[in-house]
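Structural characterization, general
So the chains spell out like this:
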Amino acid sequence: MAVVACMDSRLDVFKVLGLNPGDAHVLRNAGGVVTDDMIRSLAISQRLLKTEEIVLVHHTDCGMLKLSEDTFREELRQETGFKPTWAVEAFVDLEDDVRHSMNRIQASPFLLHKDKVTGYIFDVDTLELRRVEPAA
């Protein structure tokens with residue numbers, strides 16, 4: 001199994017999913033967003049290391065819900081003199097972003113086992129995990 005999750009330390013992926021070390025490849029970034037680099041890591045996980053399932057985990061109270069893509073990019077440009085070449089990938093709806101990540105996985109020609117992708121939202125207050133159904 002490969003797990004794509006947010007980098008927020010409140011999300012203990014192993015505890016939340018009932019996993020032990022060695023049970024899964026855990027791939028993390030801000031927001032748990034499926035980016036091109038995440039596709040790269042998932043392709044290696046599947047093709048080289050033989051994982052067959054992908055689990056996506058977003059969480060409530062995520063900082064990416066509070067971030068403006070354009071504002072953040074402009075702040076970086078003003079501070080550094082350079083505009084980032086990468087997308088911030090901020091989002092306003094957890095379920096929509098989990099579905100968007102599912103769609104990116106489905107659309108990738110590099111990934112296998114696309115029928116074995118599940119998405120969840122972890123509630124940081126109640127510690128409950130809620131499944132997100134893919135878009136119809």
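Residues numbered from 1 in each chain as written. Predicted model: local features only at pLDDT ≥ 70, side-chain atom pairs only at ≥ 80, totals over all residues. Heavy atoms only, no water.

Another point: the side chain of Asn29. Assignment of secondary structure puts Asn29 in strand S2 (residues 25–29). The exposure class of Asn29 is buried, given its relative accessible area of 17%. A polar atom in the side chain of Asn29 sits 3.0 Å from the backbone nitrogen of Gly32. If near-sequence neighbours (up to four positions away) are discounted, Asn29 is found in contact with Ala5, Cys6, Met7, Thr35 and Met38. (Helix = DSSP H or I, 4+ residues; strand = E, 2+ residues; numbered from the N terminus. Buried < 20%, exposed > 50% of the residue type's maximum accessible area, 1.4 Å probe, protein only. Polar contact = N/O pair within 3.5 Å; in protein donor to acceptor, adjacent residues only side chain to side chain. Contact = heavy atoms within 4.5 Å.)

For the rest of this paragraph, the subject is the pattern of salt bridges. What the rule picks out here adds up to 11 salt bridges. For Arg10, the salt bridge goes to Asp8, with nearest N and O atoms at 2.7 Å. Arg10 gets classed as partly exposed once you look at its relative accessible area, which sits at 37%. The shortest N-O distance in the salt bridge between Lys116 and Glu52 comes to 3.5 Å. Taken together, the residues span a long stretch of sequence, with Lys116 in the loop between helix H4 (94–107) and strand S4 (117–122) and Glu52 in the loop between helix H2 (36–47) and strand S3 (54–59) at a distance of 64 residues. The exposure class assigned to Lys116 is partly exposed, which follows from its relative accessible area of 36%. The class for Glu52 is partly exposed, based on a relative accessible area of 40%. By sharing partners, the salt bridges in this structure join Asp8, Arg10, Asp61 and Lys66 into a single network. (Salt bridge = Lys/Arg side-chain N within 4 Å of Asp/Glu carboxyl O.)

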